[in-house]
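This is what each chain is made of:
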Amino acid sequence: QVQLVESGGGLVQAGGSLRLSCAASGLTLSNYFMGWFRQPPGKEREFGARNSRSGGTTYYADFVKGRFTVSRDNAKNTVDLQMNSLKPEDTAVYYCAAGVLRLNGYQYDYWGQGTQVTVSS
């Protein structure tokens, strides 16, 4: 059974940092690209970043603005999201997802349960 588990969320003051981790089981992470998404309160889920299978290339959404960094450790089957200079508008449930590139685009086949990040003013 494929399972993705996020951890590392919590409450942090504006300007602070958090590091989220996503641990995969039931699949070999190096065979998948990894996406990070977030869903703020009362809003729809939005795409944050996508990391290549080797971890060498990452595409970031505009809202990251150079503050977030995705890294992976394929030997440990984990992918991390380092979040710096956090703002209250970053408050959301953060999800990791695994997928593949198909002819019609990226398909995120597996999702974690999410971890809550709350940024106070």
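You'll find the structure just up there.
Only a predicted model underlies this, so the values are computations on that prediction, with no experimental measurement involved.

### What about the packing of aromatic side chains?
Taken as a whole and assessed by the stated rule, the structure comprises nine aromatic pairs. When the centroid spacing of 4.7 Å and the interplanar angle of 80° are considered together, the rings of Phe 33 and Tyr 106 count as edge-to-face. Taken together, the residues Phe 33 in strand 4 (residues 33–39) and Tyr 106 in strand 10 (residues 105–111) connect sequence positions 73 residues apart. Look at Tyr 106 and you get partly exposed, because its relative accessible area is 37%. An angle of 45° between the planes, with centres 4.8 Å apart, marks the rings of Phe 37 and Trp 111 as tilted.

### A closer look at the environment of Val 79
Residue placement: Val 79 occurs in strand 8 (residues 78–83). Each C-alpha atom, one on Val 79 and one on Gln 1, is 19 Å from the other, the two residues being 78 residues apart in sequence. For Val 79, the contacting residues outside a window of four places in its chain are Leu 20, Ser 21, Cys 22, Leu 29, Met 34, Trp 36, Val 70, Ser 71 and Arg 72.

### Describing the pairing of strand 5 (residues 46–51)
Sheet faces and side chains relate simply in a regular strand, where the side chains alternate between the two faces. Relative to strand 5, strand 4 runs antiparallel, the two sharing five bridges. Within strand 5, the residue paired with Arg 38 across the bridge is Glu 46. Where strand 4 hands over to strand 5, the hairpin turn is made up of six residues, of which Gly 42 adopts a positive phi near 75°. In terms of strand pairing, strand 5 meets strand 6 (residues 58–60) through three bridges, oriented antiparallel. Following the sheet pairing, Asn 51 is matched in strand 6 by Thr 58. If you look at the hairpin formed by strand 5 and strand 6, you'll find six residues sitting between the two strands, and Gly 55 has a positive phi there, around 85°.

Calculation rules
For every chain, the first residue of its written sequence is number 1, and the numbers climb from 1 along that sequence. In keeping with the model being predicted, local features are shown solely for residues with a pLDDT of at least 70 and side-chain atom pairs are shown and tallied solely at 80 or more, while totals for entire chains, interfaces and linings include all residues. Here the side-chain values reflect all heavy atoms present in the structure, with hydrogen atoms and water set aside. Pairing of aromatic rings covers Phe, Tyr and the six-membered ring of Trp, with a centre-to-centre limit of 6.5 Å; geometry is then stacked below 30 degrees between planes, edge-to-face above 60, and tilted otherwise. Numbering goes from the N terminus for both helices and strands, where a helix is a DSSP run of H or I of at least four residues and a strand is a run of E of at least two. Here's how the labels work: a residue is buried when its accessible area is under 20% of the maximum for its type, exposed when over 50%, partly exposed in between, all with a 1.4 Å probe on protein chains only. Note on definitions: a residue-residue contact is assigned when non-hydrogen atoms from the two residues lie within 4.5 Å. Paired strands, as defined in this entry, are two strands with at least two bridges between them according to DSSP.

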